[in-house]
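Structural description and commentary
Okay, here's what each chain looks like letter by letter:
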Amino acid sequence: MEVHFARQVNSVTWAPDGRHAISGSADSTVRLWDMVSGECLKVFEGHDTGVRCVAWSRDGGHLLSGSREGSLRIWDVATGRCVRVLEGHSGSVNSVAWGPNNRHVLSGAADSTVRLWEVDNGRCMRVLEGHAGAVNSVAYSPDGRHALSGSSDNTVRMWDVDSGHCAMAFDTHTADVVSVAWNADGQAALSGAGNGVLRVWRVRDLVLPSQAIAATPAREAGGADELQYTNAKVLLVGDSGAGKTGLTGRLARGRFTASDSTSGTWCMQWLLSGLSYEQGIEREIWLWDFGGQADQRIIHQLYMEKAALILLMFDADREDVLPGLRDWQQALRHNVSAEARRFLVAGRTDVGFRFHRERIKRFAEENGHLYFETSAREGRGCHDLKQAILENIPWEYIEKRTSPRIFKTIRDEIVRMRDEGIALVTFKELREVLRQRLSAEISFTDATLETVVSLLDGPGVIKELEFGTYILLRPEWINGYAQAVIRTLRADPRELGCMPLRSIAEGKLIFQTRQPDGEIKEVDRLPEAEERVVLQAMEQTMLKRSLCLRQGDQLVFPSHFGRDRPEVRKLPAAFVSYRFQGFLDDIYATLVVKLAHCGAFPLRDLWRDAADFETLAEHKRLGIKLAREADGRGELKVYCEHGVLPNEQVILASYIHEHLQTKAADIVRLRQYICPHCGTPVSSREVAMERLAEQGETADILCVRCERRVPLWDEMEKRFGSREVQRQVRALRAAEALHLDDRRKAGMLVAEVSARIRSADQKCFEIPGAEDEGIDMEVEFTDQDGNGTGKRMYLQLKAGNSHLRRRKEDGAEVFQIKNPRWVEYWLKQPVPVMLVIGTFPEDDERLRGEAEIRFTDVRWMEIRDWLKRATDNGREKVTQIIFEGERLDLSSVRRWRNRMLGVGTNPRS
Ligand SMILES: Nc1nc2c(ncn2[C@@H]2O[C@H](COP(=O)(O)OP(=O)(O)OP(=O)(O)O)[C@@H](O)[C@H]2O)c(=O)[nH]1
Ligand SMILES: [Mg+2]
């Protein structure tokens, strides 16, 4: 038998019964097969990205799958339902395994960690750190006491599951370990590596004493060189000015420092000296301080996961704090597990207490919060609060980490650098600083440092940028600059909701704010060189998160469009609408951007909280309109003009519904029915939907005008939820993801190229235009003082492996010129044109949805003059370029500079 998938199959396993099998595929599904009939019995859907690995529970009742975006799912085979989602990995899950009792599972991921999970409650019990490369394979010993992991760092590790200790690091492989397995009695193990070597080893021979391990630096494992800790996340939320940042400093550092309003989110390590040990497990707390201004809240959702405790703060000296507190309650409800304890904390009590204490206390009681009054400035109430925090963190439920001591030493030093205010470093700079500071204590490899950096990047403490080798030690700067963008958009009297890309690249934004007292204040900025990098990272983040879209040389922000839809145009009637709750700006903007990118409904017009799209075939208009209500509630109306096919209407509506399900809460769908007899709209939409829910296909409602029955289960309702519509919506989502991916790759290459050219002290700018047409960037060479010389070069960028093909006959690399117009265009440029091609280490497929992959190979080649020769000055036709590009690096940029400026040797270095 043979079955064909549209996308790659990543993993297959037989069922214990020998008759069934499962497969996990890049199309995000797990499928159950009957191997006798060849039939696909079930499709398990829920993963957002490709499924990398699958496993049967030993009793055959459940399935486990791991996905590219880092989540695991447990499925009930009989019902086909997903019973648990296990979240925590920050990279692709490469391997999963069930424990012998079916109560525990293991996973190994591209984030270099192994995790141990409890099936019953979906909790992660342990994170095992130590590998300095992706974990490719994990295996549970038959008695359930040990775990094996094989990694791209060429080692195999054996872990003691109960204690979390790394019992053994086995490092005699010389290539990626791709697969590990135990034998039946758990006495021997097998590992297979990327270079074709298999190794069999007996467990008892390999458990070395810890000295032997310590003596071999490559192993960096076990015993005294290993430590265990838990890391509790405490969130501080509340309106702006409540005193969150003040209190964060007081709790973590024991002192008060006056602060400005916080941009975005940042976190501070609270060192718990003395109190920190229990049973050999170190405890630490990270305080996450959230900027309270309304604009910021979109960003926060990303960081709220897995909070152990939440401090809900308010400014005691304000008039009415309850509405603000209720808003935050709502926000937390959507983003934080109900298990996290919450404290209600009054801040700045030294200033005064204008609000009613009794009402606040009642609010705390009603919501089950402990209540505290504090003054960060004077320290009042802070000791009690501190004590209560320590006592109320559910330490036993927080995952325990096992980590080589060297990891923690490096990590703590990086955090220290961050606390000192260092915002941005390159990998090399970071390595140098750490080598100087830690020289006496340890030596470490690049792989170890990369691993530690990515472990900090996972929870968002620092951010590895996707271009250059930059590491942003203070990710909150991205939010700070995003705020400047929003401020600039707001200040535009025409409220166009868009901005030239160039303004962002050059930092032409508004950096002044008006304080509550009316005073104008300059906000902090980074030095120019660093600012450029952060601006670029910010633009990419916004595009990636679908908050804005690129149109020509503009960035368009749908939620900041201020022009009202002209009254004159008659609004077509809404056929369905959705009520929901959440961050309206975010939900709305991302919806518009995604729709515009999915390919089925080109964007026609944007208005204030409204967007018009059109159908592909007949250019009929359909659109959405958001009505904002109080408390983050909104209603999104979906309308279309006469003549749009019912199928198109339902697909649009279902796409919107799915979008809301991922981003909003309390979603209610309301159909707009029209009486088929007299054309009167059914006014009580809620009642109609209730009936429909209760009576299904037989549901109807009385028309208020003609008093005849309006059937509710109509043609359109049949389509809602039909398999065919679901399939089409899925296809649209996939198209949108692909589109986003292509844009992201293109954006990454622009950033990568700029980083490389700027690091050679030359100027470069993006020339935004329609995709795939025209020149992408311009380089201007500089004189000895760094001033522009007017000598330029144009760059044509191509991102991705698909642009180069290797010719069979001679192995030459070939770039296919897809459009003959390109040749004409390149030939007529007044300055040299460089073709820049960026490729990845793996096939493009691997890139999807993964942050950690970057362009490893960027090469460039002059093509204007090449084409002049090859076409005999345009007389002959040329359809391909033999690509012989050189690496785009510092020395190559300098060589080009010297050639262009006519200087012999390099005068600057
Ligand atoms: N008198 C007094 N001032 C405080 C105290 N805590 C903070 N402040 C000051 O009050 C102002 C607001 O406090 P922040 O801690 O910045 O407020 P926040 O909640 O972090 O505000 P956002 O970052 O805008 O969300 C700042 O000027 C602080 O320096 C306090 O306990 N007493
Ligand atoms: Mg603050």
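Residues numbered from 1 in each chain as written. Chains lettered and ligands numbered in written order. Predicted model: local features only at pLDDT ≥ 70, side-chain atom pairs only at ≥ 80, totals over all residues. Heavy atoms only, no water.

1. Quick notes on the overall build of the chain
- In terms of regular secondary structure, the chain is built from 21 helices and 52 strands.
- For the chain, the C-alpha radius of gyration of 30 Å lies close to 29 Å, the compact-globule estimate for 909 residues.
- Each principal axis of the C-alpha atoms in the chain carries an extent, and together these give about 90 × 80 × 75 Å.
- Considering the chain as a whole, with its 909 residues, one finds that 53% of them fall into the buried category.
- Just so you have it, the chain exposes about 40,700 Å², and 48% of that area is on carbon and sulfur atoms.
- Of the charged side chains in the chain, 126 are positive and 133 negative, and the gap between their average positions amounts to 2 Å. (Helix = DSSP H or I, 4+ residues; strand = E, 2+ residues; numbered from the N terminus. Rg over C-alpha atoms; globule rule 2.2 N^0.38 Å. Buried < 20%, exposed > 50% of the residue type's maximum accessible area, 1.4 Å probe, protein only. Areas by Shrake-Rupley, 256 points an atom, 1.4 Å probe, with all protein chains shown as cover. Lys, Arg positive; Asp, Glu negative; His and termini not counted. Charge placed at Lys NZ, Arg CZ, Asp CG, Glu CD.)

2. Description of the site of ligand 1
- Within the structure, ligand 1 sits among 22 residues, and S240, S261, T262, G292 and R348 are positioned closest to it.
- For ligand 1, an oxygen atom lies 2.4 Å from a polar atom in the side chain of S261.
- Between ligand 1 and the protein, one listed contact pairs a nitrogen atom with a side-chain N or O atom of D350 at 2.7 Å.
- Protein burial of ligand 1: of its 640 Å² of free accessible surface, 89% is covered by the chains. (Near = heavy atom within 4 Å. Polar contact = N/O pair within 3.5 Å; in protein donor to acceptor, adjacent residues only side chain to side chain.)

3. Some details on the coordination of the magnesium ion (ligand 2)
- Protein-derived ligands of the magnesium ion (ligand 2) are T245 (OG1) and T262 (OG1), with the metal-ligand distances lying across 1.9 to 2.0 Å. A residue pair is termed long-range when its members are at least 10 positions apart, and T245 in helix α3 (residues 244-253) and T262 in the loop between α3 and β21 (265-270) qualify at 17 residues. (Donors = N, O, S within 2.8 Å, 3.2 Å for Na, K, Ca; no water.)

4. A word on a negative patch on the surface
- Taken together, the side chains of D48, E69, E87 and E305 define an acidic patch exposed on the protein surface.
- Mapped onto the secondary structure, E69 falls in the loop between β6 (62-67) and β7 (72-76). (Patch = residues over 30% accessible without salt bridge, like charges linked within 9 Å, V, L, I, M, F, W, Y side chains within 5 Å. Salt bridge = Lys/Arg side-chain N within 4 Å of Asp/Glu carboxyl O.)

5. Overview of the sheet that holds strand β2 (residues 20-25)
- In space, the 4 strands of this open sheet follow the order β1-β2-β3-β4, with antiparallel pairing throughout. If you trace the sheet from one side to the other, it starts and ends with β1 (9-14) and β4 (40-45), each paired once. Neighbour to neighbour, the strand axes of the sheet diverge by 20° on average, direction disregarded.
- Of the strand pairs in this sheet, β1 and β2 are connected by 5 bridges, and their pairing is antiparallel. Among the inter-strand pairings, V12 is bridged to a residue of β2, identified as S23. (Pairing = 2+ DSSP bridges. Axes fitted to C-alpha atoms, helices over the stretch in contact; angles between N-to-C directions.)

6. Side note on the confidence of the model for the chain
- Within the chain, residue pLDDT values average 87, and 92% of them lie at 70 or more.
- Low pLDDT (under 50) marks residues 208-223, which in the prediction has 23 contacts with non-local residues, meaning those over four places away or in another chain.
- Here residues 843-852 is modelled with pLDDT under 50, and outside its nearest four sequence neighbours on either side it reaches 31 contacts, counting other chains as well. (pLDDT = per-residue confidence, 0-100. Contact = heavy atoms within 4.5 Å.)

7. Re the packing of helix α8 (residues 405-419) against helix α9 (residues 427-438)
- Two numbers describe how α8 lies on α9: the axes approach to 11 Å, and their chain directions differ by 110°. Classed by the angle they form, the pair α8 and α9 counts as roughly perpendicular. Contacts from T409, I410, E413, I414 and M417 of α8 reach α9 at L430, V433, L434, R437 and L438.
- Residues of the contact of α8 with α9, tallied by class, amount to 7 nonpolar, 1 polar and 2 charged. (Parallel < 35°, antiparallel > 145°, perpendicular 65-115°, else oblique. Nonpolar A, V, L, I, M, F, W, Y, C, P; charged D, E, K, R; others polar.)

8. Brief notes about the pairing of strand β14 (residues 146-151)
- For β14, the tally of buried residues reaches 6 of 6 residues, placing the bulk of the element in the interior.
- Neither face of β14 is exposed, since H146, L148 and G150 on one face and A147, S149 and S151 on the opposite face are all buried.
- As judged from the 5 bridges shared by strand β13 (residues 135-140) and β14, these two strands associate in the antiparallel manner. Residue pairing in the sheet places V138 in a bridge with S149 of β14.
- Linking two consecutive strands that pair antiparallel, namely β13 and β14, is a turn of 5 residues; a positive phi of about 80° is found at G144 within it.
- When β14 meets strand β15 (residues 156-160), the two strands line up antiparallel, connected through 5 bridges. The residue of β15 that forms the bridge with G150 is V156.
- Hairpin connection of β14 to β15: 4 residues between the antiparallel strands, including N154 at a positive phi of 75°.

9. Focus: the side chain of Q762
- Residue position: Q762 is located in the loop between α18 (723-759) and β44 (763-766).
- From its side chain, Q762 meets the backbone nitrogen of T782 in a polar contact 2.7 Å long.
- Other than its neighbours up to four places away in sequence, Q762 contacts I757, V779, E780, F781, T782, V893 and R897.

10. Here's the deal with the packing of α8 against helix α10 (residues 446-457)
- Orientation of α8 relative to α10, taken along the N-to-C sense of each, is 60°, at an axis distance of 10 Å. Classified by the angle between their axes, α8 and α10 sit oblique to one another. For the crossing formed where α8 meets α10, the hand is right-handed. Contacts between α8 and α10 involve I406, F407, I410, R411, I414 and V415 from the first element and T448, L449, T451, V452, V453, L455 and L456 from the second.
- Residues belonging to the contact of α8 with α10 are distributed by class as follows: 10 nonpolar, 2 polar and 1 charged. (Left-handed = near helix turned anticlockwise from the far one by under 90°.)

11. Topic: the sheet that holds strand β35 (residues 554-556)
- The strand order β31-β35-β34 describes an open sheet built from 3 strands, whose pairing is antiparallel. Looking at the sheet topology across the chains shown, the edges are occupied by β31 (498-500) and β34 (549-551). The average angle at which neighbouring strand axes cross in this sheet is 30°, direction not considered.
- Where β34 meets β35, 3 bridges bridge the pair, whose relative direction is antiparallel. From the neighbouring strand, R550 faces β35, where its bridge partner is L555.

12. Describing helix α14 (residues 584-597)
- The terminal C-alpha atoms of α14, which comprises 14 residues, lie 20 Å apart, in line with the 20 Å expected from a rise of 1.5 Å per residue.
- Counting buried positions over the 14 residues of α14 gives 12, a clear majority of the element.
- Every buried residue of α14 is listed here: L584, D586, I587, Y588, A589, T590, L591, V592, V593, L595, A596 and H597.
- Of the residues one or two after α14, G599 is the one with positive phi, at around 95°. (Expected span 1.5 Å × (residues − 1).)

13. Examining empty space enclosed by the protein
- One pass over the full model with this rule turns up 3 cavities of 30 Å³ or more.
- For the largest cavity, the calculated volume is near 190 Å³.
- Those elements that provide at least two residues to the lining of the largest cavity are α12 (501-505), α13 (528-544), α18 and β44.
- Per-class residue counts for the lining of the largest cavity are 8 nonpolar, 2 polar and 6 charged. (1 Å grid on protein atoms, 1.4 Å probe; cavity = no way out; pocket = protein on both sides within 12 Å on 5 of 7 lines; lining within 4 Å. Points joined across faces, edges and corners; volume = space filled by probe spheres on them.)

14. Description of the pattern of salt bridges
- Under the counting rule described, the total for this entry stands at 62 salt bridges.
- The partner of R354 in a salt bridge is E319, and the shortest N-O contact between them spans 3.4 Å. Here E319 lies in the loop between β24 (309-315) and α5 (322-335) and R354 lies in the loop between β25 (341-347) and α6 (357-366), a separation of 35 residues in the sequence.
- Residue class for R354 comes out partly exposed when judged on its relative accessible area of 49%.
- Of the charged contacts in the structure, one is a salt bridge between E717 and R669, with a shortest N-O distance of 2.6 Å. Of this pair, E717 sits in helix α17 (residues 715-719) while R669 sits in strand β41 (residues 665-671), and the two are 48 residues apart along the sequence. A single burial state applies to E717 and to R669, both of which are buried.

15. Focus: the environment of N647
- Tracing the sequence through the fold places N647 in helix α15 (residues 646-663).
- Of the residues examined, N647 reaches a relative accessible area of 24% and is grouped as partly exposed.
- Along the primary structure N647 and R719 are separated by 72 residues, whereas in three dimensions their C-alpha atoms are 7.3 Å apart.
- A polar contact is formed between the side chain of N647 and the side chain of R719, at a distance of 3.4 Å.

16. Comments concerning a nonpolar patch on the surface
- Together, L190, L198 and V200 give the surface a local cluster of nonpolar side chains, amounting to about 300 Å² of exposed area.
- Tracing the backbone shows L198 in strand β19 (residues 198-202).

17. Details of the environment of C166
- Mapping C166 onto the fold places it in strand β16 (residues 166-170).
- A C-alpha to C-alpha distance of 8.0 Å links C166 and T402, two positions 236 residues apart in sequence.

18. Focus: the pairing of β25
- Within β25, 6 of the 7 residues are buried, which leaves it mostly tucked inside the rest of the structure.
- With 7 bridges connecting them, β24 and β25 associate as parallel partners. Within the sheet, the bridge partner assigned to I310 lies in β25 and is R342.
- In this sheet, strand β26 (residues 370-373) lies alongside β25 in parallel orientation, the contact comprising 4 bridges. Bridge pairing in β26 links V345 to F372.
- At this point the chain moves from β25, through α6, to the parallel β26, and the crossover so formed is right-handed. (Right-handed = clockwise from strand over helix to strand, strands pointing away.)

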